[in-house]
Amino acid sequence: MTQHDSPSLPAHRPGASRQAPEAPDDTSPPCTTRPWMPALLYTLGFLTVYLLAICTPWGQRAENPWFYLGIQGGEAAWIYPLSGSVYGSTPLPPLELSAKPTVMAGLAVIVLLTLVRRCWRQGFAALGVAILAIGAKEVFKSTVPRPDLVGAPENLLDQGFPSGHTVIPAALTLAAVLVVSPRIRPYVATAGVLWLACIAAATATMGGHRPSEVLGATLLACACYGLATWLLPSAAAPGATRSPRALHVIALALALIVALVSGARPDTLTRSLVSAATAFICAALVWYAAVGRPARTARRTRPALD
């Protein structure tokens, strides 16, 4: 009798297929790194600008002559007719008396977008960004004095850090980014940075604020936005914005042009260029905070083998 030796097969045990390939559970939601670093960096930038420009003698000596470059006052600036300083003229928001109406209108738009899109968490975060940035500006200016370290004239001792006119477009732009649809987010950010570039350059070139005060206002708004995105849950936080690569170049190029035009003065080239450069940096900071941050990608998992 011939015996056929059949190959030995492993005995089938119930549940063995489930126990054999014990792979790590990659189907669970990945641990997303919370974006706390931008908020910290913007806050440190805000404090650094204040300490260097306001609390050091050489910082004050560098910026106090700012108001004496060219003809005193803003009449020589090209954008002066739009500033609202001319009797009976309509100011470009939020210059002059249009600051409070601009804030109220911006908050109303955020509430309306929140109700229409039903993005409650993002809406509350957007309101928090605008209210916290503008409120922090008021608190900082009223509680933190400007020390006189160089014997400056009395009219230069008023605390103007940070700039209130600059923080409004920066904060409202970043707040709007939180509540609009991701598809139109890059275009809303583009309109916002152009508005910011215009106001920041106009505020600096007309003598309303020093460049450090304009830059500090933008950093304050970006810090509030970074804090809001850090506190939002991962599902509600704004993800990476997909936009055409050309839009980044176009938006920043237009912001530079707007800054140059808004900061132009025929009586002093230095004041014009510094105002434009400061405004462009402000626009770039808000653009990077709203659109230009690196994409956060989830971990890819291999399909489970049956």
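The model shown is predicted, which means the values in this text are computed figures rather than measured ones. (Residues numbered from 1 in each chain as written. Predicted model: local features only at pLDDT ≥ 70, side-chain atom pairs only at ≥ 80, totals over all residues. Heavy atoms only, no water.)

## Points about the overall build of the protein chain
Step number 1: Across its full length, the protein chain holds 10 helices and zero strands.
Step number 2: In sequence order, the protein chain lays out its α and β elements as α-α-α-α-α-α-α-α-α-α.
Step number 3: Among the 306 residues that make up the protein chain, the fraction classed as buried is 43%.
Step number 4: Long-range contacts, defined as pairs at least 24 residues apart, comprise 81% of the intrachain contacts of the protein chain with a sequence gap of at least 6.
Step number 5: Of the roughly 17300 Å² of accessible surface on the protein chain, a fraction of 66% belongs to carbon and sulfur atoms. (Helix = DSSP H or I, 4+ residues; strand = E, 2+ residues; numbered from the N terminus. Buried < 20%, exposed > 50% of the residue type's maximum accessible area, 1.4 Å probe, protein only. Contact = heavy atoms within 4.5 Å. Areas by Shrake-Rupley, 256 points an atom, 1.4 Å probe, with all protein chains shown as cover.)

## Some details on the state of the cysteines
Structurally, a disulfide amounts to a covalent bond that connects the sulfur atoms of two cysteines.
Step number 1: The final tally for this structure, using the stated rule, is zero disulfides.
Step number 2: A disulfide-free cysteine, cysteine 222 has its sulfur positioned 8.6 Å from the sulfur of cysteine 282, the nearest such atom.
Step number 3: By relative accessible area, which is 0% here, cysteine 222 ends up buried. (Disulfide = S-S within 2.5 Å.)

## Overview of the confidence of the model for the protein chain
Step number 1: Predicted confidence across the protein chain gives a mean pLDDT of 85, with 82% of residues reaching 70 or more.
Step number 2: This model gives residues 1-33 a pLDDT under 50, and the stretch forms six contacts once residues within four places in sequence are excluded.
Step number 3: Note on residues 293-306: pLDDT is under 50 here. Beyond four places in sequence and across chains, it has 17 contacts. (pLDDT = per-residue confidence, 0-100.)

## Here we look at a nonpolar patch on the surface
Step number 1: On the surface, Trp36, Met37, Leu40, Leu41, Leu44, Leu47, Leu51, Leu132, Leu227, Trp230 and Leu231 cluster together into a nonpolar patch covering about 1000 Å² of accessible area.
Step number 2: Secondary-structure elements contributing two or more residues to the nonpolar patch are helix H2 (37-54) and helix H8 (211-231).
Step number 3: Ranked by the residues each element gives to the nonpolar patch, the list is headed by H2, at six residues.
Step number 4: Examined against the element boundaries, leucine 231 turns out to sit in helix H8. (Patch = residues over 30% accessible without salt bridge, like charges linked within 9 Å, V, L, I, M, F, W, Y side chains within 5 Å. Salt bridge = Lys/Arg side-chain N within 4 Å of Asp/Glu carboxyl O.)

## What to know about the environment of leucine 115
Step number 1: Counting through the fold element by element, leucine 115 comes out in helix H4 (residues 99-117).
Step number 2: Relative accessible area serves as the criterion here: at 51%, leucine 115 is assigned to the exposed category.
Step number 3: A C-alpha to C-alpha distance of 9.9 Å links leucine 115 and valine 179, two positions 64 residues apart in sequence.

## Side note on the packing of aromatic side chains
Geometry of an aromatic ring pair is reported as the spacing of the ring centres plus the angle between the planes.
Step number 1: Taken as a whole and assessed by the stated rule, the structure comprises five aromatic pairs.
Step number 2: Taken together, a centroid distance of 5.1 Å and an interplanar angle of 90° make the contact between tyrosine 50 and phenylalanine 140 edge-to-face. Taken together, the residues tyrosine 50 in helix H2 and phenylalanine 140 in helix H5 (residues 120-143) connect sequence positions 90 residues apart. Just as tyrosine 50 is buried, phenylalanine 140 falls in that class too.
Step number 3: With centroids separated by 5.4 Å and ring planes inclined at 45°, the aromatic side chains of tyrosine 50 and phenylalanine 161 adopt a geometry described as tilted. Of the two residues, tyrosine 50 sits in helix H2 while phenylalanine 161 sits in the loop between H5 and helix H6 (164-179), which places them 111 residues apart along the sequence.
Step number 4: Each member of the aromatic cluster is reached from another via a ring pair, and the members are Phe46, Tyr50, Phe140 and Phe161. (Phe/Tyr/Trp six-rings, centres within 6.5 Å; stacked < 30°, edge-to-face > 60°.)

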